[in-house]
Each structure stands twice: as structure tokens, then as C-alpha cells.
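Survey of secondary and tertiary structure
Spelled out from the first residue to the last, the chains are:
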Amino acid sequence: LAGIVAGKMTKTNVAGYVAAFPIPEVLQGIDAFTLGMRSVNPKAETKVIWINSWFDPGREREAANTLIAQGADVVTHHTDSPAVVQAAEEKKVYAIGYHSDMSKHGPHATLTSAVHLWGDVYTKITEEVLAHKWKPTDIWGGFKDGMVDIAPLNPIVPKDVVALVAEKKAALKAGKLHPFQGVVKDQEGKVRVPAGQVMSDDKLAVLDYYVEGVQGSLPKK
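Just so we're clear, the structure is a prediction, and the values are computed from it rather than from any experiment.

A few words now on the overall build of the chain. Helix and strand counts for the chain come out as 7 helices and 8 strands. Here the chain holds 221 residues, and the buried ones make up 41% of them. Sequence separation of 24 or more characterises 59% of the internal contacts of the chain that already satisfy a separation of 6 or more. With the model as given, the accessible surface of the chain reaches about 11,800 Å², and the carbon-plus-sulfur share is 55%. The average position of the 25 basic charges and that of the 25 acidic charges among the side chains of the chain differ by 4 Å.

Given below as C-alpha cells:
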């Protein structure tokens, strides 16, 4: 959904992504963002800078400024500070926040944010622990489980884009839309998810490539 907003709002067709570590969790975000963006704007591309840290406001800001200098007029991130959003506000470009609604850090720049909603999960676990009923288990949830959402869109986002995001969000919640829904190709043009299929959770958990539309090479391990 964030990618759809970026794809509709970019004028340069370049988005910048400040990323923490080249692991599947972060790659899922980069690839999903790019797929969403190119679903509405096939010319759009994503440039990525890895900072190898979850939280380093100085490096996050520096990476954002570098991406903006390279033509990105929308920047986003998978890091833990609002530095990317703040840099976008200063440079008068767009931003999409991560983890929580970051609009207060860049009221003009922030188009929306991808947000995590873990309160209900933690409450449920706490209640189970108190009742001596908790058992360790993997937790893997999305829109259908109320664990993620998209923050309110900036009023500058056109109404038709707002309506499109609402439509796609409803489809995600209903299980009728999957971010990695075929055809999905990698950078080399190889089909990774054929038409009519979606990427399984076990393959998402070991995702190790950029999709078509992401510039540059993935760092070597």
C-alpha cells in the first residue's frame, strides 16, 4: 500500500529506501514496496542504501540525503528512527514512515506510514501467561490479523489514490490480494512467482533477492 502511494505521487519515478540489514524481513519490505509502486507506475524504480544498523539517526539521515541527491522524490525506510522522514521534510520531498505514524516528524513530507499494531497480541500473550496457559509459538500476522496497517494519508494525496488504497487494503484484509502475487520477477527477469500463484510463507521467510524495479546489487553475505 505504501508503494502504491509512492508510485502515484512520485514525479521523478525514483524512490529511495534506507534499509537496515540485508535479511529476509527487510527484503520483504523493499520488494513489496517496489511491487506496489510499479503496480501503478511501471516506470518507477527503487534505490536502496544499506546502513547495517537498526538505529543510527545520523547514518539514516545521511543515506536519505544521498538518495534525495540521486533523484528520489519519495524516501522510505526500514530503520528505527524518524531521521529519514525529517530529512525529507527539510529537503521538501515526500516520505513514508515505518513502524508507527511518523507524520508529526514531517507533517508536510509524510504521505503515510506503514505501522505495526502489536498491542492486542501482547495483551493476549500476557493474559495467557497470567492464566498459566501460554505456550511458545511462532506469530506471523498481517492485515487479516490486525497486526499491521497504514496510517491516515496526508490530505495532499488525491482522492482517487485514497480510494485505490482503501480498495487494496480491503482486498488484503479479505485475503483476495497478496503482496507477492504472480507474476513476480527478480532483477534478472527470472519468474519467481508464476501467474495465478502467491509466494508461500516459507519462501517469504528466506527471501534473498530484489524484485524487478530495484536498482543495484544485493550486498554479499
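Turning our attention to helix 4 (residues 83-91). Taken together, the buried positions of helix 4 are Ala83, Val84, Val85, Ala87 and Ala88. Looking at the buried side of helix 4, the elements it contacts are strand 1 (14-19), helix 3 (57-69), strand 3 (74-78), strand 4 (94-99) and strand 5 (110-116). Once helix 4 ends, the next one or two residues include Lys92, with phi positive near 60 degrees.

For the structure shown, the criterion picks out 3 aromatic pairs. Their ring planes at 65 degrees and their centres at 5.2 Å tell us that Phe21 and Trp54 sit as a pair that is edge-to-face. With Phe21 in the loop between strand 1 and helix 2 (24-40) and Trp54 in the loop between strand 2 (45-50) and helix 3, this pair connects stretches of sequence that are 33 residues apart. Trp54 gets classed as partly exposed once you look at its relative accessible area, which sits at 32%. On the basis of an interplanar angle of 75 degrees and a centroid distance of 6.3 Å, the ring pair of Trp118 and Tyr122 is categorised as edge-to-face.

A separate point is the packing of helix 1 (residues 2-9) against helix 2. At a minimum axis separation of 7 Å, helix 1 and helix 2 run at an interaxial angle of 45 degrees. If you check the angle between helix 1 and helix 2, you find them oblique. Judged by the twist between their axes, the crossing of helix 1 over helix 2 is right-handed. From helix 1, Ala2, Gly3, Ile4, Ala6, Gly7 and Lys8 reach across to helix 2, where they touch Phe33, Gly36, Met37, Ser39 and Val40. Here the contact of helix 1 with helix 2 is built from residues that sort into 6 nonpolar, 4 polar and 1 charged.

Before going further, it helps to examine the environment of Gly196. When you line up the elements, Gly196 lands in the loop between strand 8 (191-193) and helix 7 (201-204). The exposure class assigned to Gly196 is exposed, which follows from its relative accessible area of 82%.

Quick look at the sheet that holds strand 4 now. In space, the 6 strands of this open sheet follow the order 2-1-3-4-5-6, with mixed pairing throughout. Each edge of the open sheet carries a strand with a single partner, namely strand 2 and strand 6 (148-150). Taken over all neighbouring pairs, the strand axes of this sheet differ in orientation by 15 degrees on average, direction set aside. Relative to strand 1, helix 3 is tilted by about 160 degrees, and along the sheet it contacts strand 1, strand 2 and strand 3. Where helix 4 meets the sheet, it contacts strand 1, strand 3, strand 4 and strand 5, and its direction lies at approximately 170 degrees from that of strand 3.

This part is about the side chain of Ser81. Tracing the backbone shows Ser81 in the loop between strand 3 and helix 4. For Ser81, a relative accessible area of 2% translates into the label buried. At 2.9 Å, the side chain of Ser81 and the side chain of Glu60 are in polar contact. At 3.1 Å, the side chain of Ser81 and the backbone nitrogen of Ala83 are in polar contact. Every residue in contact with Ser81, bar those within four places of it in the chain, is listed here: Phe55, Pro57, Glu60 and Met102.

Moving on, we get to the pairing of strand 4. Bridging between strand 3 and strand 4 involves 3 bridges; their strand directions are parallel. Bridge pairing in strand 4 links Thr76 to Ile96. Since strand 3 and strand 4 lie parallel, the crossover through helix 4 that links them has a hand, and here it is right-handed. By the bridge criterion, 5 bridges tie strand 4 to strand 5 in an arrangement that is parallel. Opposite Gly97, over in strand 5, you have Ser113 as the bridge partner.

Rules behind the numbers
Residues numbered from 1 in each chain as written. Predicted model: local features only at pLDDT ≥ 70, side-chain atom pairs only at ≥ 80, totals over all residues. Heavy atoms only, no water. Helix = DSSP H or I, 4+ residues; strand = E, 2+ residues; numbered from the N terminus. Buried < 20%, exposed > 50% of the residue type's maximum accessible area, 1.4 Å probe, protein only. Contact = heavy atoms within 4.5 Å. Areas by Shrake-Rupley, 256 points an atom, 1.4 Å probe, with all protein chains shown as cover. Lys, Arg positive; Asp, Glu negative; His and termini not counted. Charge placed at Lys NZ, Arg CZ, Asp CG, Glu CD. Phe/Tyr/Trp six-rings, centres within 6.5 Å; stacked < 30°, edge-to-face > 60°. Axes fitted to C-alpha atoms, helices over the stretch in contact; angles between N-to-C directions. Parallel < 35°, antiparallel > 145°, perpendicular 65-115°, else oblique. Left-handed = near helix turned anticlockwise from the far one by under 90°. Nonpolar A, V, L, I, M, F, W, Y, C, P; charged D, E, K, R; others polar. Pairing = 2+ DSSP bridges. Polar contact = N/O pair within 3.5 Å; in protein donor to acceptor, adjacent residues only side chain to side chain. Right-handed = clockwise from strand over helix to strand, strands pointing away.

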